[in-house]
Number of protein chains: 2
Amino acid sequence: MSNNKDKKMVEAITSMDVDFAQWYTDIVKKADLVDYSSVRGCMIIRPYGYAIWENIQKTLDEKFKETGHENVYMPMFIPESLLQKEKDHVEGFAPEVAWVTHGGQEELTERLCVRPTSETLFCDHYANIVQSYRDLPKLYNQWCSVVRWEKTTRPFLRTVEFLWQEGHTAHATAEEAQEETIRMLNVYADFCENVLAIPVIKGQKTEKEKFAGAKATYTIESLMHDGKALQSGTSHNFGDGFARAFGIQYTDKNNQLQYVHQTSWGVSTRLIGGIIMVHGDDNGLVLPPKVAPIQVIVIPVSQHKEGVLEKAYAIRDRLAASGIRVKIDDSDKMPGWKYSEYEMKGVPVRLEIGPKDIEKNQAVLVTRVSREKLFISLDELEAKVSETLDKVQKDLYNKALEMRNKKTYTAVNLEEFEKIIKETPGFIKAMWCGERGCEDLIKEKTAATARCIPFEQEKISDKCVCCGKEAKHMVYWAKAY
Amino acid sequence: MSNNKDKKMVEAITSMDVDFAQWYTDIVKKADLVDYSSVRGCMIIRPYGYAIWENIQKTLDEKFKETGHENVYMPMFIPESLLQKEKDHVEGFAPEVAWVTHGGQEELTERLCVRPTSETLFCDHYANIVQSYRDLPKLYNQWCSVVRWEKTTRPFLRTVEFLWQEGHTAHATAEEAQEETIRMLNVYADFCENVLAIPVIKGQKTEKEKFAGAKATYTIESLMHDGKALQSGTSHNFGDGFARAFGIQYTDKNNQLQYVHQTSWGVSTRLIGGIIMVHGDDNGLVLPPKVAPIQVIVIPVSQHKEGVLEKAYAIRDRLAASGIRVKIDDSDKMPGWKYSEYEMKGVPVRLEIGPKDIEKNQAVLVTRVSREKLFISLDELEAKVSETLDKVQKDLYNKALEMRNKKTYTAVNLEEFEKIIKETPGFIKAMWCGERGCEDLIKEKTAATARCIPFEQEKISDKCVCCGKEAKHMVYWAKAY
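- Chain A goes by Proline--tRNA ligase in an unreviewed UniProt entry, where it is assigned to Acetivibrio clariflavus.
- In its Subunit (unreviewed entry) section, the UniProt entry covering chain A states "Homodimer."

## A closer look at the domain arrangement of chain A
All names here are of chain A.
In step 1: Looking at the assigned domains, one finds that chain A contains domain 1 (14-279), domain 2 (294-390) and domain 3 (408-478).
In step 2: Of note, the centres of domain 1 and domain 2, computed from C-alpha atoms alone, are 39 Å apart.
In step 3: Taken together, the five residues of domain 1 in the interface contact five residues of domain 2.
In step 4: Between the two partners, domain 1 and domain 2, sit one salt bridge.
In step 5: Among the ionic pairs, K345 bridges to D32, the shortest N-O distance being 3.4 Å.

## Focus: the sheet that holds strand β18 (residues 362-367) of chain B
Residue and element names in this part refer to chain B.
In step 1: With mixed pairing, five strands are arranged side by side in an open sheet as β16-β15-β17-β18-β19. Unpaired on one side and paired on the other, β16 (326-328) and β19 (373-377) mark the two borders of the sheet. Strand-to-strand, the axes of this sheet are offset by a mean angle of 25°, without reference to chain direction.
In step 2: Bridge count for strand β15 (residues 296-300) against strand β17 (residues 349-353) is five bridges, and the pairing is parallel. Note that in β17 the partner of I299 across the bridge is E352.

## Side note on the relation of the copies chain A and chain B
Mapping between the two chain copies consists of a rotation about an axis together with a translation along that axis.
In step 1: Under the fitted operation, chain A is carried onto chain B by 0.0 Å of movement along the axis and a turn of 180°, and the coordinates agree to an RMSD of 0.0 Å. Accordingly, the operation relating the two chain copies is best matched by a two-fold axis. Residue V100(A), judged by its C-alpha, is the member of chain A lying nearest the rotation axis, at 2.1 Å.
In step 2: Of the interface residues in chain A, 100% have counterparts in chain B that sit at the interface too, so the contact is made through matching surfaces.

## Some details on the interface of chain A and chain B
Often, the extent of an interface is quoted as the loss of accessible area on bringing the components together.
In step 1: Opposite the 55 residues of chain A that make contact, chain B presents 55 residues.
In step 2: When chain A packs against chain B, the two sides together hide about 4,400 Å² of surface, and 59% of this comes from carbon and sulfur.
In step 3: Our count for the contact surface shared by chain A and chain B stands at six salt bridges.
In step 4: A salt bridge links R134(A) to D332(B), with the nearest nitrogen and oxygen atoms 3.1 Å apart.
In step 5: Counting residues per element, the side of chain A that touches chain B draws most heavily on strand β5 (residues 98-103) of chain A, at six residues.
In step 6: Its residues assigned to classes, the side of chain A that touches chain B comprises 30 nonpolar, 11 polar and 14 charged.

Procedures and definitions
Residues numbered from 1 in each chain as written. Chains lettered and ligands numbered in written order. Predicted model: local features only at pLDDT ≥ 70, side-chain atom pairs only at ≥ 80, totals over all residues. Heavy atoms only, no water. UniProt positions renumbered as here; feature names shortened; annotations may be inferred. Domains from an automatic or database assignment. Contact = heavy atoms within 4.5 Å. Salt bridge = Lys/Arg side-chain N within 4 Å of Asp/Glu carboxyl O. Pairing = 2+ DSSP bridges. Helix = DSSP H or I, 4+ residues; strand = E, 2+ residues; numbered from the N terminus. Axes fitted to C-alpha atoms, helices over the stretch in contact; angles between N-to-C directions. Least-squares fit on C-alpha atoms with pLDDT ≥ 70 in both. Buried area = accessible area lost by both parts, 1.4 Å probe. Nonpolar A, V, L, I, M, F, W, Y, C, P; charged D, E, K, R; others polar.

And the structure:
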């Protein structure tokens, strides 16, 4: 009986090998992460999905505060004239913003865009509040939603509105700004690897791929199950470009006027898409314990029998008391149905407790991915569960790393490159001359883009994979979300 | 020296008795709560102001979760057709919304308003996800920003964009919806009184003042220093009105289709305006310890002398370790300047530590409001500081209650009513016949509105304060923000 129910749920989602895009869509819906809304391209983030985001927020916010950052809130609107102050920036964003033209019954004299990102607002504010070197650095962050008028959208990965954080900092010197840019990239990389169990490649974006208005953009790139890359977080060094456009100047210790040097950095709900596509399997979502809203689900077996529910509640209470995010499902659904529901939701550990277990003073511990069954003594409940959660966290990271390594290739010429993209998509490490022409040609021929010039360089060959001229950098290439 | 500096700062803000509105504006600027932005009517919430909001969020969010609520995120846009589904609701809100008419380069086929409140979005979602009685209740909450195209704006009190939370729930029965409505009103009232130290009157709004689309609106009303009332939180029972408009039906246990019964409830950054206007004084902001970003500021005196800074850091570390939000100001500003800065910012407790104090193993503890100086032994540091913070919290509440009681009057006829409003503004308790005509006439003559029909009724007289006919309710009246 329970096996049948189990199968029914599993059959309900498309296998990732059959249709990866459909598999993804099935998971976001069936794991109750998202619902579609009446607004084109905007998603409803449901409680279970939002709880993942809250865990991401909580951990990152602590990190930001530890590194001296403070939260602020800027308006959600940007007057058109303000957006236009930095030339490259407006060119990059103006084509994809939503415009407010009417307030109440009146037409506005100047249209307002709904923020696609808030550099211009922060710069306008900094120009107001920064006067002296004593006012620096300004280390601000904002949690908010932003809007980009995308034509093709997918939950978490690309939506018209999405939730994110955007850090915006102003520094006295170019060196400090560069240090900050790399510091925050490292915060993101550590977070992805240690909390989300997603290994990342750290590196710099090419000129073509950098942020509109930045001097340099740094990125962490991760690899999904289907061999496509996901840009998972970016950190930009703006130099003094915005400062000059917005007149953000301070008086230094020698009483000289200087421009500030700025950075910005952000991650978004897109990370949830990354979790799905790195860890998920054909049974549904798989969540790393550190970010899972429910780390342990307790399922009473034969719960109508005397003492079962009481014991199950006691187990729940003991685990909750030791700081574990635990839930019990005492509904009247069949255990098998419950098993597959919480597998679909990616809960890392399931504890089953029935009359026989109670007799033996044990519980059955089942992990989401390996489906390994462990009989644990209730005397060691907290220790065994904590151990298992730690192990699951590490195993997920190692599994993801193994997958990425398996799908990372090298190419020394375009033929090899094209063959890999076609037959075994993944990261391609290949040399590049540094010319935009080659970058464009590779994209035209393979749809792959330069994901980053990694900090850890390797010499695959002496020559550019495209033109054969002298190579400047080793680049990670891939098709990307 | 320190006294002079102190005075300079104090002189810099307008006295509340001279010009209350200017006093308010001075505080929001000089306590670094807010900066004005380039967007008409939208404010920038600066780190110190935002930290107050984060404390409000944290405490309320815990309460919401304890009472079974889950957070979600809905789109920030509402299609015009969706907004129009509930007749009273659209009439109330459509005149004051911002309209998005263009996305990217294209004109939209249907305009979208930026959410002024999200009833319509939640209803649309509930219609999708509620099928059976097993799906109920739905207890959702959302933290977000909303936009209302107000003509006259003031930081925190009335802005085009503001931050808030909006709870939206769906229940199987009218009784459950009513219970929820009152439960959340009580959560708000307890929060205001116990955390913000603001006493509130709980009651029901009149038909004229209720929320657009609600069956009944409940409110908590507080009284500001200038005798004007502030609606500080509302909780609405929608009955099944929205459910009928949006077709939110479920199958009950007898397999009959039923409409759900709904509620919504919200508080906003407006509460920060309330804190300012209830507790503030001519030296600046006054923050209740439970919501203060900095509960204790440590000021080293003669900090260049050997051992002073070390001792000050040690005090900071001891207090931080005992869970107190403490900061040290070790900048090279004069102590007197620092004293007035942190008074302006409303920090509840200041600790001064200088060479003489160190000799005596003591610190000087000064509280923000009473400015009482207490010499405390460093052996009892944590205990004395905690005690003081508790006492300050209670004192602020009692002081606010006393102020409110002093400014609460009764009137039995319109002449008395008008005289009070003119000469000693405050709450007026007066009887009302229940007719809209009298409510309108009172507003016309006095600018006062019915703040609420309080749960705790008193009989001031038998007759309506306006028409002299038989009275139905005692009402709290006041001019309001």
